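Inside the fold
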Amino acid sequence: MGRTVAVFTDTYLPTVNGVTYTVQTWRKRWADRGGRMPIVYPGTDDYEPGEDEHPVRSIEFPFYDGFHAAVPGVPDDITAADPELVHTHTPFLLGLSGLKFARSHGVPLVASYHTPTAEYADYIAEGWLRSPVERAARAYEKWYLNRAEMVVVPSEPARHHLREIGVRTAVEVVPNGVDTDRFGPVDTSQFVEAHNLDTGKPLVGYTGRHGYEKQLDLIVEATDGMDVTVVFGGDGPARDRLENLAADADVDVRFLGFLDREDLPAFYSALDVFAFPSPVETQGLVALEANACGTPVAAVDAGALSDTVVTGETGYRAPPGDAERFRTAIERTLAERDALREHCLDRRDAVSVDHAVDKLSDVYEMLL
């Protein structure tokens, strides 16, 4: 294959989230096929760059703990790599750097759409300011994406959303994909013992960023009074509020904090149900990771989860924000866990990252 694609992202290691994971996994698979993906990202003191990783100066973002905002720029090594195409994973600071580089070097720009930016208004605005901030975010999102030669989205609902806000650029669905070599059923005894999860109760859990937009409170509200143990992995700005809510609820809730990626297959495999109440997902990668480990998902019927979670096969869905209906989805998923597990495992090949990179390659070749 041999194509060189310059990648620009505002989210990268040591921050671990769906975007970081997707960028890392695609880079590795692209290299396995003989190509290169030199990457530009916000540098921090906590991460030493490896081969083809090019940090730029960054500052701590005041509205979101742990996030670093890059100072826009393009390292000389990117120009020297002579990329045939630019792929941005952000519309913001380094996304603008990628756009400028693509234009000045006469190469196509592919823009991945990972997150509806308007959903993050809560982090920078409250009250009456929230609505104008959301409108401004959508307008900017449209402006940026309409300057790409191709937009890549992980699901059909995400494509529909972009058409609704006025994005005219061609949009292709390329699922993020799951590394099925890593994510599959594993022995959980050591993980369960290490985290004292042998409670004799079904385990209902979530792992990922604890962001306000994820609406994780709904998990605690839905399980209040249930004879289950609720397990949260991960961290984020909404954790304190979530812990306070859990302290007042009639349910056993455990907070494990940040989990190493190597621990995630055991975490997913240990759960009886993965609970996912976020209405803002463009794919919901953690749901697919859980499924690949044989764990069904109780989710909300919103965003990409309306497609990602297949009713009666990989889990059940409930209307967003409805704690009673979400409780019913959890209970039904628990009741049918064994049958749902087999359906989840049957779908592992279909959600693998190798299929995703096949589609990504096709997108690149359309433009080259």
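Shown above is the structure to which this text applies.
Right, let's walk through the structure included here.

Rules used throughout
- Residues numbered from 1 in each chain as written.
- Predicted model: local features only at pLDDT ≥ 70, side-chain atom pairs only at ≥ 80, totals over all residues.
- Heavy atoms only, no water.
- Helix = DSSP H or I, 4+ residues; strand = E, 2+ residues; numbered from the N terminus.
- Rg over C-alpha atoms; globule rule 2.2 N^0.38 Å.
- Buried < 20%, exposed > 50% of the residue type's maximum accessible area, 1.4 Å probe, protein only.
- Contact = heavy atoms within 4.5 Å.
- Areas by Shrake-Rupley, 256 points an atom, 1.4 Å probe, with all protein chains shown as cover.
- Lys, Arg positive; Asp, Glu negative; His and termini not counted.
- Charge placed at Lys NZ, Arg CZ, Asp CG, Glu CD.
- Polar contact = N/O pair within 3.5 Å; in protein donor to acceptor, adjacent residues only side chain to side chain.
- Pairing = 2+ DSSP bridges.
- Axes fitted to C-alpha atoms, helices over the stretch in contact; angles between N-to-C directions.
- Phe/Tyr/Trp six-rings, centres within 6.5 Å; stacked < 30°, edge-to-face > 60°.

1. Some details on the overall build of the protein
Along the backbone of the protein there are 14 helices and 15 strands. Over its C-alpha trace the protein gives a radius of gyration of 20 Å, about what one expects of a compact globule, namely 21 Å for 368 residues. In the protein, which comprises 368 residues, the proportion classed as buried is 54%. Taking as baseline every contact in the protein between residues at least 6 positions apart, the subset at least 24 positions apart corresponds to 66%. Split by element, the accessible area of the protein, about 15,800 Å² in all, is 47% carbon and sulfur. Each charge sign in the protein was given a centre, from 34 positive and 60 negative side chains, and these centres are 6 Å apart.

2. Looking at the side chain of K214
Tracing the backbone shows K214 in the loop between β10 (203–207) and α7 (217–223). Here the side chain of K214 touches E281 through a polar contact of 2.8 Å, side chain to side chain.

3. Overview of the sheet that holds strand β11 (residues 229–233)
What the six strands build is an open sheet, ordered β12-β11-β10-β13-β14-β15; its pairing is parallel. The open sheet has two free edges, formed respectively by β12 (252–257) and β15 (315–318), since each of these has just one partner strand. Sheet twist, expressed as the mean angle between neighbouring strand axes with direction ignored, is 25°. Where β10 lies against strand β13 (residues 273–276), two bridges are found, and the strand directions are parallel. Note that in β13 the partner of V204 across the bridge is V273. Against the sheet, helix α10 (residues 285–292) contacts β10, β13 and β14 (297–300), and its axis sits at roughly 175° relative to β13.

4. Observations regarding the packing of aromatic side chains
The geometry of an aromatic ring pair is captured by the separation of the ring centres together with the interplanar angle, meaning the angle of the planes. Under the definition given, this model contains 16 aromatic pairs. Ring geometry for Y12 and Y41: centres 4.8 Å apart, planes at 50°, overall tilted. Taken as a pair, Y12 in the loop between β1 (5–8) and α1 (18–32) and Y41 in strand β2 (residues 39–42) lie far apart in primary sequence, 29 residues in all. Given the relative accessible area of 1%, Y41 is considered buried. Taking 6.2 Å as the distance between ring centres and 70° as the angle between the ring planes, the aromatic pair formed by Y41 and Y47 counts as edge-to-face.

The quantities given are spatial measurements derived from coordinates; they are silent on function.
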